[in-house]
Amino acid sequence: MKLWTSLIIIAGMACLITAFPMGCSKRETPVDLGNREQILHRGIGSEPKDLDPHMVTGVTEFNIIIGLLEGLVSQNPKDMSPVPGVAENWEASTNGLTYTFHFRKNAKWSNGDPVTVHDFIFSFKRCLSPKLGAPYAYMLYCLKNAEAYNKGTITDFSRVGAKALDDYTLELDLASPTPYLLGLLAHHSWFPVHPPTLRKFGEEQPDSKWTKAGNFIGNGPFNLKSWEPDKQIVIEKSQTYWDKNIVRLKEIHFYPIGDHKSEERSFRAGQLHITETMPLDRIGYYRRQNSKSLRLDPYLGTYYYLINVKRPALNNVKVRQALAMAINRKNLTAYVTKGGETPAHFFTPPNTAGYTCSKGFTEDIEKAKQLLTEAGYPDGKGFPNIQLLYNTSDAHVRIAEAIQQMWKMNLNINIELINMEWKVYVAATDEGKYDIARAGWIGDYVDPNSFLDMWIKDRGNNRTGWSNKEYDRLLSEAAQTMDRDRRYGLFQQAEQILISEMPIIPLYFYRSKHLVNPAVQGWDPNILDIHPYKFVYLKP
Amino acid sequence: MLKFVARRLLQIVPVLLIVITITFFLIRLAPGGPFTDEKKYPPEVIECRNAYYGLNDSLPMQYLHYLGNVVKGNLGPCLQYRNRTVNEVIKETFPISFELGCWAMIYALALGLVFGIIAALRPNTLLDHIPMAAAMTGICLPAFVLGPLLILVFGLWLGLFNASGWEMATDRILPAITLGSVYAAYIARLSRSSMLEILPMDYIRTARAKGASELRVIVCHALKNAAIPVVSFLGPAFAGIVTGSFVVETIFQIPGMGKMFVTAAFNRDYFLLLGLIVFYAGLLVALNLIVDIVLVWLNPKIKIEA
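Quick caveat, the model's predicted, so the values are computed rather than measured. (Residues numbered from 1 in each chain as written. Chains lettered and ligands numbered in written order. Predicted model: local features only at pLDDT ≥ 70, side-chain atom pairs only at ≥ 80, totals over all residues.)

Undergrad: Looking at this structure, how should I read the overall build of chain B?
TA: Looking only at helices and strands, chain B features 12 helices and zero strands. Element order for chain B, N to C, with α for helix and β for strand: α-α-α-α-α-α-α-α-α-α-α-α. Counting only residues that meet the buried cut, chain B has 38% of its 306 residues in that class. A fraction of 72% describes how many contacts in chain B between residues 6 or more apart in sequence connect residues 24 or more apart. (Helix = DSSP H or I, 4+ residues; strand = E, 2+ residues; numbered from the N terminus. Buried ≥ 20, exposed ≤ 12 C-beta atoms within 10 Å, placed from the backbone. Contact = placed C-beta atoms within 7 Å.)

Here is the structure:
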């Protein structure tokens, strides 16, 4: 009897569980609904720290800000070449030191105010203000006297090279010819902010509330509709934007889904059109499915290992070269990272504004062994205990283990892996308390300078302790050179020095990894992974 | 009773003071600061930020300043999410974690008590073994396995629920089950064992003899006593569950407090982390007090020690 009752109960529960889903029909997913209504759902990784163009540093924030604000020039979604933004057209003087921008008269803020030259000058002044402490203020240093103003050595902003010739004509005077100026102008540190709004909520406070939904006034193709922290940010088509007829999306919803696996599941559940990235171990699956959604495209970034050249053994250039040569990058990218990354034998990603390092180093295990012998460690004998430091992440640990194994097999040296939490890792590399550490660099703008300039002696991000007088000279000469071929020639020479001295070991060039719903149109692959939303639309 | 409550409430003050002090100095010992990042900020910028947030003063000064602010109910600014204050963050995230916690608790209690009681009424039969085996599985299955599994089956295969988010009413179901399962399992086992102890007692036989219905006997007579260990378990469990679970909130993308707590520690967001800890400590003390009061109500034999 007892057995019967229990069996009946179990059978009943089983029926309920199976019957429940059958009763419900497949519901319409947010993506289906979005396709109908032109609402784009995009994952953006982490929660944006702010939406203030002068204060943010991350890609996440930038991906939202480009919907809300527009700079002097904008970018062609296909090749990132400059296209008119607030400035309708512009001309440069022959010596490359003066640029004149002619504003369009119909550019408006979202409250209807016209966008004028004065708004931009206000914004440059704010970004350079020493009181604000904008982390990317140095992006404006190409303006005459901008650095001095930012450092507080001059206090008169009228001496900085940004002048209003009239309400709609802006003149920029540069400290040195900056051939990549138009590319720089698309960076968020050059974006305008709405002066009355900033004055109202505090223009020079880092914790100003002007970026909250309801307060935010922008001049971009979209307006900030709502910002629910850690949940979603919604921007809607602006009715005051000068080029509003081209904007087809009605709304964009951004979701800060930090966990890659959760994000990928949300994509599969039809909640996202576009993911910020994807879990490494799912790439293979999408590959095998031949999925149209998988987008792996070259990205302006390099994954590399930093070497502390002050440490024993590592202070010997031959050891550094041997370490770099004894890594099989093809295997690393094919079997470990698996995202279609390009093996790196130099530092600047290939075809950065038409520049590719002419000759990289070669992987050669025999040569590496020989170099190690010459350095006094035949077959790895007597090689000191060296630590390889990385911050906690699934990908970093796999790469580090693979390289540890390669060095063991090829050079017979033992490397200890050290895993640190992010901030501890940053502090350790910053203070030079490491032997070898993993690192990555994403270009701030499309120019080799963004990659080579950082290895000049004592630059903040040169944490290797390495410096080379000739290298520094070549870079400073390049900064004064207007002619592109000559300039790139100087970069070539400098990069040769960098990869022969090997204070860093380049491993691979990044790929952006997204899942993109096939309904998304106008989402062109490009090296900066920037996708101006005014050209994006949905066509199921 | 009033004296007891007042005394316990007063105890909160030294507890919070100790918690603040330890956390305040401990977090400063951690390498790195709120403004260190891979792409290094220029030193002027860090200097400027530190000055703005008063992080350049000596540590004891900062500590006193912070205590003063806490007394005023101001938990300070958020260093990472710049346009928000710690008070705002708590105000935004706690209700969400609290709601999720409540659903999880309701689920855990309903499932745990029912399973526990059924098992205790029919010990060593299938009705005992199946729920207890399920409970064991529930204890063993961590949230980071159960959550994705539930999403896979009910979200992706059957298409019944969203895979993430906190938008619709149905978005509460899977996270609540994930979060509540472990607690349901504990409650089931706890209530089963205490019911087994209570059921053979004389007063239960008396109740049956005087003709009380079986339901009345179980719910009014047996359960009231059997619930005591469950209630003492619930106090800290509830505090843990409503202050948010990092794992569940991450898997389901829920904008709750648990996630804030962990990211604040990773980001060295001093004020946010401190604020959340103060809040959490206060909540824990308060919930323990409530549990004590409920226990007295359940069992008059437990005396309030004056």
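Undergrad: How should I be thinking about the overall build of chain A in this particular structure?
TA: Across its full length, chain A carries 17 helices and 18 strands. A compact globule built from 540 residues would reach a C-alpha radius of gyration of about 24 Å, and chain A, at 26 Å, matches this within 12%. Each principal axis of the C-alpha atoms in chain A carries an extent, and together these give about 90 × 75 × 35 Å. Across chain A, contacts joining residues at least 24 apart in sequence account for 68% of those joining residues at least 6 apart. (Rg over C-alpha atoms; globule rule 2.2 N^0.38 Å.)

Undergrad: Quick question: what am I supposed to make of helix H3 (residues 59-71) of chain B here?
TA: Every α-helical turn comprises 3.6 residues, leaving residues that sit three or four positions apart pointing alike. The terminal C-alpha atoms of H3(B) lie 18 Å apart, and with 13 residues this matches the ideal 18 Å at 1.5 Å per residue to within 8%. Among the residues trailing H3(B), B:Gly73 stands out with phi positive, at a value near 85°. (Expected span 1.5 Å × (residues − 1).)

Undergrad: It is not clear to me how the pairing of strand S4 (residues 87-92) of chain A should be interpreted in this structure. Could you clarify?
TA: Both faces of the sheet carry side chains from a regular strand, because those side chains alternate between them. For S4(A) and strand S5 (residues 98-103) of chain A, the ladder comprises five bridges, and the chain directions are antiparallel. The residue of S5(A) that forms the bridge with A:Trp90 is A:Phe101. (Pairing = 2+ DSSP bridges.)

Undergrad: I would appreciate a short explanation of helix H5 (residues 126-140) of chain B in the present structure.
TA: All names here are of chain B. Relative to the 21 Å expected for 15 residues at 1.5 Å per residue, H5 spans 21 Å between its end C-alpha atoms, a close match to the ideal helical length. Within H5, the full set of buried residues consists of Leu127, Pro131, Ala135 and Gly138. Here the buried residues of H5 occupy an arc of 55° about the axis, which is enough to place them on one side. Of the exposed residues in H5, the ones pointing more than 90 degrees away from its buried face are Ala133, Thr137 and Cys140. (Arc of directions from axis to C-beta.)

Undergrad: Looking at this model, I keep getting lost on the pairing of strand S14 (residues 415-420) of chain A. Mind explaining?
TA: All names here are of chain A. The sheet contact formed by strand S13 (residues 386-391) and S14 spans six bridges and is parallel. Among the inter-strand pairings, Asn391 is bridged to a residue of S14, identified as Met420. Crossover connection from S13 via helix H13 (residues 394-411) to parallel S14: handedness right-handed. (Right-handed = clockwise from strand over helix to strand, strands pointing away.)

Undergrad: Is there a simple way to think about the sheet that holds strand S8 (residues 222-228) of chain A in this case?
TA: Strands pair in a sheet through their backbones, by hydrogen bonds, and they do so in one of two ways: parallel or antiparallel. All names here are of chain A. Here we have four strands laid out as an open sheet, ordered S1-S10-S9-S8, and mixed in their pairing. Looking at which strands have only one partner, the edges of the open sheet turn out to be strand S1 (39-43) and S8. Within this sheet the neighbouring strands show an average axis-to-axis angle of 20°, counted without direction. Pairing between S8 and strand S9 (residues 232-237): six bridges, direction antiparallel. Looking at S9, one finds that Ser226 is bridged to Val234. (Axes fitted to C-alpha atoms, helices over the stretch in contact; angles between N-to-C directions.)

Undergrad: When you look at the domain arrangement of chain A in this model, what are you seeing that I'm missing?
TA: By a frequent convention, interface size equals the accessible area lost on bringing the separate parts together. All names here are of chain A. Domain annotation of chain A identifies domain 1 (1-68 + 220-275 + 516-540), domain 2 (71-212) and domain 3 (297-512). With 10 residues of domain 2 at the contact, the number on the domain 3 side is 11 residues. Residues belonging to the side of domain 2 that touches domain 3 are distributed by class as follows: six nonpolar, four polar and no charged. (Domains from an automatic or database assignment. Nonpolar A, V, L, I, M, F, W, Y, C, P; charged D, E, K, R; others polar.)

Undergrad: Would you mind going over the environment of B:Gly258 with me for this structure?
TA: Residue and element names in this part refer to chain B. Positionally, Gly258 belongs in helix H11 (residues 257-267). On the basis of neighbour count, Gly258 is assigned to the buried category, with 26 C-beta atoms found within 10 Å. Taking the C-alpha atoms as reference points, Gly258 and Gly240, 18 residues apart in sequence, are found 9.6 Å from one another. Leave out the neighbours within four places in its chain, and Gly258 touches Ser97, Thr243, Gly244, Ser245, Phe246 and Glu249.

Undergrad: Explain the packing of H11(B) against helix H12 (residues 270-298) of chain B to me, please; I cannot follow it from the model alone.
TA: Between two packed helices, the angle of one axis relative to the other and the distance separating the axes together describe the packing. All names here are of chain B. Where H11 meets H12, the closest approach of the two axes is 8 Å, and the angle between their N-to-C directions is 135°. Taken together, the axes of H11 and H12 are oblique relative to one another. Judged by the sense of rotation from one axis to the other, the crossing of H11 with H12 is left-handed. Only Leu272, Leu273 and Leu276 of H12 make contact with H11, whose side of the interface consists of Met257, Met260, Phe261, Ala264 and Ala265. When its residues are assigned to classes, the contact of H11 with H12 shows eight nonpolar, no polar and no charged. (Parallel < 35°, antiparallel > 145°, perpendicular 65-115°, else oblique. Left-handed = near helix turned anticlockwise from the far one by under 90°.)

Undergrad: Would you explain the nonpolar core in this entry?
TA: Soluble, globular proteins show a tendency: their nonpolar side chains are buried together. In this structure, A:Leu68, A:Leu140, A:Tyr305, A:Ala322, A:Ile436 and A:Ile505 are the most contacted members of the largest nonpolar core, which totals 145 residues. Apart from the residues within four sequence positions on either side, A:Tyr305 is in contact with A:Ile436, A:Ala437, A:Arg438, A:Ala439, A:Ile504, A:Ile505 and A:Leu507. One finds B:Leu100, B:Met105, B:Leu234 and B:Ile241 within the second-largest nonpolar core, a separate group that totals 47 residues. (Core = buried A, V, L, I, M, F, W, Y, C linked by C-beta atoms within 7 Å.)

Undergrad: How should the interface of chain A and chain B be read in this particular structure?
TA: Counting residues at the interface gives 46 residues for chain A, matched by 44 residues for chain B. Ranked by residues supplied to the side of chain A that touches chain B, first place goes to helix H14 (residues 422-430) of chain A with six residues.

Undergrad: I keep staring at unusual backbone geometry and nothing clicks. Help me out?
TA: Residue and element names in this part refer to chain A. Despite not being glycine, Gln38 has its phi angle at roughly 60°, a positive value. Assessed through the 17 C-beta atoms surrounding it within 10 Å, Gln38 is described here as partly exposed. Positive phi is not limited to glycine here, since Asn290 has a value of about 55°. Structurally, Asn290 can be placed in the loop between helix H9 (280-288) and strand S11 (294-307).

Undergrad: Looking at this model, I keep getting lost on the sheet that holds strand S12 (residues 342-343) of chain A. Mind explaining?
TA: One open sheet accounts for six strands, arranged S12-S16-S11-S15-S13-S14 (chain A); its pairing is mixed. Of all the strands in the sheet, just S12 and S14 of chain A have a single pairing partner and so form its edges.

Undergrad: In this structure, what is going on with the environment of A:Thr169? I would like to understand it.
TA: Residues and elements named next belong to chain A. Inspection of the secondary structure puts Thr169 in strand S7 (residues 169-173). Of the residues examined, Thr169 has 14 C-beta atoms within 10 Å and is grouped as partly exposed. Separated by 318 residues in the primary sequence, Thr169 and Arg487 place their C-alpha atoms 30 Å from one another.

Undergrad: I tried to follow the confidence of the model for chain B on my own but got confused; where do I start?
TA: Low pLDDT marks stretches whose predicted atomic positions should not be read closely. Of all residues in chain B, 99% have pLDDT values of 70 or greater, and the mean over the chain is 88. Scored as a complex, the prediction yields pTM 0.90 and ipTM 0.88. (pLDDT = per-residue confidence, 0-100.)

Undergrad: Quick question: what am I supposed to make of the packing of helix H8 (residues 202-209) of chain B against helix H9 (residues 214-242) of chain B here?
TA: Residues and elements named next belong to chain B. Where H8 contacts H9, the axes come no closer than 10 Å and their chain directions differ by 145°. The two elements H8 and H9 meet at a crossing, and its hand is right-handed. Residues Tyr203, Ile204, Ala207 and Arg208 of H8 form the contact with H9, whose own contacting residues are Val217, His221 and Ala222. Its residues placed into classes, the contact of H8 with H9 shows five nonpolar, one polar and one charged.

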